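For reference, the chains in residue letters:
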Amino acid sequence: MKVREDKELIKSFGSLSAMAKAYSSSIPIRSTGIGWCTNDDECKCGKPDSCESGIVDKRHLPYWEGMLVQQMKLMQLDDIGEAGRAAVKKGMERCEKVLVALGIDVEAMKQEINERENIEVINV
């Protein structure tokens, strides 16, 4: 076992699978579809991107890209009013924040989406 400079032990594992096996009985991990929840009880918020018990990783990238596309399509509507536009903007900012955290160049992604002939949400 390795030791840090402050004498704290560092537990290391040979693989992600080995780590999951070691901790799976003591840390609850549930999928929310767009991320993971490690809350002791059931997931109450469904927002792994803004919850202290939430985890989002690159496996969830297609979902977040799909949600960004949905927000972009909603923003094209001309009959949603100011409140609708504000809600769409908030949703888009949420998606952008997660995508940036995952290392995505969001502006390049949005440009690529806009260049598609038909903006479609990929069913993942």
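Preceding this section is the structure that the text describes.
For clarity, every value in this text was computed on a predicted model and none was experimentally measured.

**Quick look at the overall build of the protein chain**
Across its full length, the protein chain holds 4 helices and 5 strands. Put simply, the protein chain runs from its N terminus to its C terminus through helices and strands in the order β-β-α-β-β-β-α-α-α. Considering the protein chain as a whole, with its 124 residues, one finds that 24% of them fall into the buried category. Contacts in the protein chain between residues far apart in sequence, at least 24 positions, make up 41% of those at least 6 positions apart. Surface summary for the protein chain: the accessible area is close to 9000 Å², and the carbon and sulfur share equals 52%.

**Remarks on the sheet that holds strand β3 (residues 30-31)**
Within a sheet, adjacent strands bond to each other through the backbone by hydrogen bonds, running parallel or antiparallel. Taken in spatial order, the 3 strands make up an open sheet running β3-β4-β5, and their pairing is antiparallel. If you trace the sheet from one side to the other, it starts and ends with β3 and β5 (54-55), each paired once. Bridge analysis of strand β4 (residues 36-37) against β5 gives 2 bridges, and the strand direction is antiparallel. Opposite Cys37, over in β5, you have Gly54 as the bridge partner.

**Considerations on the nonpolar core**
Grouped together as the largest cluster of nonpolar side chains are 14 residues, with contacts concentrated most on Trp64, Leu68, Leu99 and Ile113. Those elements that provide at least two residues to this core are α2 (61-75), α3 (81-101) and α4 (106-115). It is α2 that contributes the most residues to this core, 5 residues altogether.

**Quick word on the pattern of salt bridges**
Counted under the stated rule, the structure contains 5 salt bridges. A salt bridge links Lys89 to Glu93, with the nearest nitrogen and oxygen atoms 3.9 Å apart. Taken together, the positions of Lys89 and Glu93, both in helix α3 and 4 residues apart, correspond to about one turn of that helix. With its nearest N and O atoms 2.7 Å apart, the salt bridge here joins Glu96 to Lys110. Here Lys110 lies in helix α4 and Glu96 lies in helix α3, a separation of 14 residues in the sequence.

The rules behind these values
- Every chain is numbered on its own, with residues counted from 1 as its sequence reads.
- Restriction of local features to residues with pLDDT of at least 70 applies here, the model being predicted, together with a cutoff of 80 or more for giving and counting side-chain atom pairs; totals for whole chains, interfaces and linings are based on all residues.
- Values reported for side chains reflect all heavy atoms of the structure, with hydrogen atoms and water molecules removed beforehand.
- The secondary structure listing takes helices from DSSP runs of H or I that are at least 4 residues long and strands from runs of E that are at least 2 residues long, numbered from the N terminus.
- Each residue's exposure class comes from its accessible area (1.4 Å probe, protein chains only) as a fraction of the maximum for that residue type: buried when under 20%, exposed when over 50%, partly exposed otherwise.
- Residue contacts follow a heavy-atom distance rule, with two residues in contact if any of their heavy atoms lie within 4.5 Å.
- Per-residue and other accessible areas were derived by the Shrake-Rupley procedure at a 1.4 Å probe size, with only the shown protein chains allowed to occlude residues.
- We treat two strands as partners when DSSP finds at least two bridges between them.
- Nonpolar core, defined: a set of buried Ala, Val, Leu, Ile, Met, Phe, Trp, Tyr and Cys residues in which side-chain atoms within 4.5 Å join the residues together.
- A pairing counts as a salt bridge when a side-chain nitrogen of Lys or Arg comes within 4 Å of a carboxyl oxygen of Asp or Glu.

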